[in-house]
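One-letter residues, chain by chain:
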Amino acid sequence: MGFVGWTIHRDPRHWPNPDAFEPERHSAENRRDRAKCAFIAFGYGQRRCLGERVGRMEGMLMLALVSQKLKLNHVDGGLPTHKVVQSIKPADGMPMRIECR
């Protein structure tokens, strides 16, 4: 996705306060009012990723499994600064504090 996705996902016409964690943005109600290509995590059209459904399912499963057992907190609290190259990455890595639940 790289830089194009980064830019599209921060378009203020579709994403007010884009750096905030607001899962309700992706509710059915909010998706209905948003432009078709405002969110393209897996591409769009004929070049859309064939493994999108598997990727989404696998991501949710892994998140559920990890969050049942562990708490993950960034060492400095909050979110790390980021850099944009081919994809979005934490600028200085992402040291985590891991605690058993």
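Nothing here was measured: the structure is a model prediction, and the numbers come from that model. (Residues numbered from 1 in each chain as written. Predicted model: local features only at pLDDT ≥ 70, side-chain atom pairs only at ≥ 80, totals over all residues. Heavy atoms only, no water.)

Participant: Looking at this model, I keep getting lost on unusual backbone geometry. Mind explaining?
Facilitator: Peptide bonds are trans in most cases, and residues, glycine excluded, mostly fall at negative phi. With a phi angle near 55 degrees, Asn17 is a residue other than glycine that sits in the positive phi range. You can see Asn17 is positioned in the loop between α1 (2–8) and α2 (28–32). (Helix = DSSP H or I, 4+ residues; strand = E, 2+ residues; numbered from the N terminus.)

Participant: Before we go on, may I ask you to explain the layout of surface pockets in this structure?
Facilitator: Empty pockets left among the atoms are what a rolling probe the size of a water molecule brings to light. Space inside the largest pocket adds up to approximately 1000 Å³. Lining the largest pocket are 24 residues, with Arg10, Pro18, Asp19, Ala20 and Phe21 sitting closest to its centre. The set of elements that each furnish at least two residues to the lining of the largest pocket consists of α3 (52–69) and β3 (88–90). Class assignment of the residues belonging to the lining of the largest pocket gives a composition of 16 nonpolar, three polar and five charged. The calculated volume of the second largest pocket comes to roughly 270 Å³. In terms of lining, the second largest pocket is formed by 15 residues, of which the most central are Arg31, Arg34, Lys36, Phe39 and Arg56. (1 Å grid on protein atoms, 1.4 Å probe; cavity = no way out; pocket = protein on both sides within 12 Å on 5 of 7 lines; lining within 4 Å. Points joined across faces, edges and corners; volume = space filled by probe spheres on them. Nonpolar A, V, L, I, M, F, W, Y, C, P; charged D, E, K, R; others polar.)

Participant: Would you mind showing me how to read the pattern of salt bridges here?
Facilitator: Working definition: two side chains of opposite charge can pair if their charged atoms are close together. Evaluation of the coordinates by the stated rule reveals five salt bridges. Among the salt bridges present, the one from Arg13 reaches Asp11, with a minimum N-O distance of 2.5 Å. A salt bridge links Glu22 to Arg25; the nearest nitrogen and oxygen atoms lie 3.1 Å apart. The exposure class assigned to Glu22 is partly exposed, which follows from its relative accessible area of 25%. (Salt bridge = Lys/Arg side-chain N within 4 Å of Asp/Glu carboxyl O. Buried < 20%, exposed > 50% of the residue type's maximum accessible area, 1.4 Å probe, protein only.)

Participant: Is there a simple way to think about the state of the cysteines in this case?
Facilitator: Here, the word disulfide means a covalent bond between the sulfur atoms of two cysteines. According to the stated counting rule, one finds zero disulfides in the structure shown. Residue Cys49 stays outside any disulfide, its sulfur separated by 16 Å from that of Cys37, the closest cysteine. (Disulfide = S-S within 2.5 Å.)

Participant: In this structure, what is going on with the side chain of His9? I would like to understand it.
Facilitator: Among the secondary structure elements, His9 is positioned in the loop between α1 and α2. Residue His9 is classed as buried on the basis of its relative accessible area of 13%. There is a polar contact of 2.9 Å between the side chain of His9 and the backbone nitrogen of Ile40. (Polar contact = N/O pair within 3.5 Å; in protein donor to acceptor, adjacent residues only side chain to side chain.)

Participant: In this structure, what is going on with a nonpolar patch on the surface? I would like to understand it.
Facilitator: On the surface, Leu61, Met62, Leu65, Val66, Leu72, Met94, Met96 and Ile98 cluster together into a nonpolar patch covering about 710 Å² of accessible area. Where the nonpolar patch is concerned, the elements lending two or more residues are α3 and β4 (96–100). Ranked by residue count, the leading element in the nonpolar patch is α3, at four residues. Along the chain, the position of Met96 falls in strand β4. For Met96, a relative accessible area of 34% translates into the label partly exposed. (Patch = residues over 30% accessible without salt bridge, like charges linked within 9 Å, V, L, I, M, F, W, Y side chains within 5 Å. Areas by Shrake-Rupley, 256 points an atom, 1.4 Å probe, with all protein chains shown as cover.)

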